[in-house]
Amino acid sequence: MKKRAHIHMHSDVDGVGFRFLVKQKAHSLGLKGQCKQNEEKEIIIDIEGTANSLEEFLHYIQKGVSPLTRKNSFEIEFFDELKGYTTMESDIV
């Protein structure tokens, strides 16, 4: 069964490299959704896929984005309702 996770990430590192890695990892797990940085430089990820793939993805991003990170926290919500994403997009290349 597919689920959707909405992740709001607060971190003190530049999000460009992280968003690239998020997109790559999501592709490798067959997840679909979007990843962007808001005006407050927080990373917002809305992603859909199987429970197992979402669990692996969340474990990956919660390990930390960089050894230099001093602040790294998440707010994660899960939903049964899907948005029907067909690709994994981000606000970078």
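Everything in this summary refers to the structure shown in the same document.

Analysis parameters
- Residues numbered from 1 in each chain as written.
- Predicted model: local features only at pLDDT ≥ 70, side-chain atom pairs only at ≥ 80, totals over all residues.
- Heavy atoms only, no water.
- Helix = DSSP H or I, 4+ residues; strand = E, 2+ residues; numbered from the N terminus.
- Buried < 20%, exposed > 50% of the residue type's maximum accessible area, 1.4 Å probe, protein only.
- Contact = heavy atoms within 4.5 Å.
- Areas by Shrake-Rupley, 256 points an atom, 1.4 Å probe, with all protein chains shown as cover.
- Core = buried A, V, L, I, M, F, W, Y, C linked by side-chain atoms within 4.5 Å.
- Expected span 1.5 Å × (residues − 1).
- Arc of directions from axis to C-beta.
- Pairing = 2+ DSSP bridges.

## Comments concerning the overall build of the protein chain
Logical step 1: The helix and strand tally for the protein chain stands at two helices and five strands.
Logical step 2: Within the protein chain, buried positions represent 35% of all 93 residues.
Logical step 3: Of the contacts made within the protein chain by residues no fewer than 6 positions apart, 75% connect residues no fewer than 24 positions apart.
Logical step 4: Of the roughly 5700 Å² that the protein chain leaves accessible, carbon and sulfur atoms contribute 51%.

## Side note on unusual backbone geometry
Logical step 1: Of note in this structure, Lys 41 is not a glycine but carries a positive phi near 65°.
Logical step 2: With respect to the helices, strands and loops of the structure, Lys 41 is situated in the loop between β2 (32-37) and β3 (43-50).

## So, the nonpolar core
Logical step 1: Ranked by internal contacts, the top residues of the largest apolar core, which has 17 residues, are Ile 7, Val 22, Ile 45, Ile 47, Phe 57 and Ile 61.
Logical step 2: Taken together, the elements giving at least two residues each to this core come down to β1 (2-11), α1 (15-29), β3 and α2 (51-62).
Logical step 3: Contact partners of Val 22, with chain neighbours within four places excluded, come to Cys 35, Ile 45, Phe 57, Ile 61 and Met 88.

## Some thoughts on α2
For an α-helix, 3.6 residues make a turn, and residues three or four places apart therefore share a direction.
Logical step 1: The end-to-end C-alpha distance of α2 is 16 Å, a good match for the 16 Å that twelve residues give at a rise of 1.5 Å each.
Logical step 2: Those residues of α2 not exposed but buried are Ser 53, Leu 54, Phe 57, Leu 58 and Ile 61. An end-on view of α2 places all buried positions within 130° of arc, on one side of the element. Relative to its buried face, α2 has exposed residues pointing more than 90 degrees away, namely Asn 52, Glu 55 and His 59.

## Here's the deal with the pairing of β2
In summary, the side chains of a regular strand alternate between the two faces of the sheet.
Logical step 1: Inspection of the sheet shows β2 paired to β3 by six bridges, in the antiparallel sense. Residue pairing for β3: Gln 34 is matched across the bridge by Asp 46.
Logical step 2: In terms of strand pairing, β2 meets strand β5 (residues 88-90) through three bridges, oriented parallel. Along β5, the bridge assignment pairs Gln 34 with Glu 89.

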